[in-house]
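What follows is the residue order along each chain.
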Amino acid sequence: MKKMEQHLILGDSAEQLKQLKDNSVDLMATDPPYGISFMNKGWDKVLPPKDIWTECYRVLKPGSFIAVMSSPRSDVLYRMIKDLEDAGFDMSFSPILWTYHSGFPKASDTSKMIDKRLGAEREVVGKNPNERINKAEYTAYDLNGLKGELNITSSNTDLGKKYEGSKLGFQPKPAIEHIIIGMKPHGQKSYIDNVLNFEALPDNIKMTYPFIQVPKPAKKEKDLGLNGEEKKLDTGLNKGKKLNTSNGKDYTIPSRKNTHPTTKPVKLMSYIITLFTREGDWVLDPFLGSGTTGVAAKLINRNFIGIEREKEYMDIIKQRLSVSRTDLIKYFKGVIKDEQTKLDL
Ligand SMILES: C[S@@+](CC[C@H](N)C(=O)[O-])C[C@H]1O[C@@H](n2cnc3c(N)ncnc32)[C@H](O)[C@@H]1O
């Protein structure tokens, strides 16, 4: 089997994309900044400049697709879609929805807040059977995986009882991200190719499409190939805030080697790439983060170009991409069935 190429570029995509040839890439699969200052990260303060999407349009082959992850928040979604349309993309496609069955509600528990205001003790009525912390205050994505035992409490005040179960605000458990799909028009590629690509997905993924159900990646997956020190992730919540729960117990944020806060699952990116490309095609990610799109491209045998601006993340990317394809196949065995490559991975 022919060995695929992987090109990594450290720098700003606004500049670096200019090096790439017109009409040279078969898919752009990316997870850009959402402009919501996730975990106070500087790189997430604003949406990508429109020029980047214009450059992506130029380098994509006509008839090829762009798959862009986005927060489900309406303000983020509509701006992202508008920027892509302004760059020339045909946006008349339905999104794919990544669901991960975890996440933290962003609403506050009304009853608890009333009791707090009244200075009333709540009665412990049981233990939370779910090991994950699902306290309303902890909204950060990377607190996933924290283990602990939480008390389930009930109000002892009339007002608290009245509002038991009610949530303030309207940001329930997110548990979903959109993958916006656009196309560079005027292609010669046939829609039959797309049907055949779809058929290459594993049966369980085809069954729920356009919902792709994949859990967030485990620490082991994120750290695969990394050999540095484990570090505590700066979630933005550890600054001046004690991570303790209503029963007074402290929780520690697990350390890991991959310090990128928004690493996506390799499986998810493999399915996206499978949907829009064939073996040997070129995939581009101009917001590479910790390199997941590159790992997925290697796993399912696509050529890859990735751009990342932060040196700290580029070091992580290089280590993740140093894992041999054979070892990747071993690790992801049984999760990807790619008929195009005639491999039962
Ligand atoms: C949401 S993260 C991508 C995470 C990735 N999907 C993963 O699984 O690791 C977005 C990344 O884009 C990078 N970035 C933001 N603006 C950029 C730009 N103009 N050029 C290159 N990289 C940029 C940030 O440093 C960040 O690592």
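For the structure itself, look to the data block above.
Here is a short report on the structure shown in this document. (Residues numbered from 1 in each chain as written. Predicted model: local features only at pLDDT ≥ 70, side-chain atom pairs only at ≥ 80, totals over all residues. Heavy atoms only, no water.)

1. Brief notes about empty space enclosed by the protein
Inspection of every chain in the model, using the stated rule, returns 1 cavity of 30 Å³ or more. In terms of lining residues, the largest cavity is bounded by E221, L224, V266, V295, R320, V323, L328 and F332. (1 Å grid on protein atoms, 1.4 Å probe; cavity = no way out; pocket = protein on both sides within 12 Å on 5 of 7 lines; lining within 4 Å. Points joined across faces, edges and corners; volume = space filled by probe spheres on them.)

2. Topic: the site of the ligand
The environment of the ligand is formed by 23 residues, the closest being H260, K264, S290, T292 and E308. One of the backbone nitrogen or oxygen atoms of S13 is found 2.9 Å away from a nitrogen atom of the ligand. The separation between an oxygen atom of the ligand and a polar side-chain atom of S290 is 2.6 Å. Contact with the protein chains hides 97% of the accessible area of the ligand, taken as 610 Å² for the molecule alone. Here the shell around the ligand is composed, by residue class, of 8 nonpolar, 9 polar and 6 charged. (Near = heavy atom within 4 Å. Polar contact = N/O pair within 3.5 Å; in protein donor to acceptor, adjacent residues only side chain to side chain. Areas by Shrake-Rupley, 256 points an atom, 1.4 Å probe, with all protein chains shown as cover. Nonpolar A, V, L, I, M, F, W, Y, C, P; charged D, E, K, R; others polar.)

3. A look at the packing of aromatic side chains
Within this structure, the stated rule accounts for 7 aromatic pairs. Judged by centre distance (5.2 Å) and plane angle (80°), the ring pair of Y57 and F89 falls under edge-to-face. Residue Y57 is found in helix α2 (residues 50-59), and its partner F89 is found in the loop between α3 (74-86) and β4 (96-99); the two are separated by 32 residues along the sequence. Judged by its relative accessible area of 3%, F89 is buried. Each residue in the set F65, F93 and F276 is aromatic and connected to the rest through ring pairs, giving one cluster. Taking NZ or CZ as reference, K184 lies 4.9 Å from the ring centre of Y57, over its face. (Phe/Tyr/Trp six-rings, centres within 6.5 Å; stacked < 30°, edge-to-face > 60°. Helix = DSSP H or I, 4+ residues; strand = E, 2+ residues; numbered from the N terminus. Buried < 20%, exposed > 50% of the residue type's maximum accessible area, 1.4 Å probe, protein only. Lys NZ or Arg CZ within 6 Å of the ring centre and 35° of its normal.)

Functional significance is not addressed by these values, which are geometric in nature.
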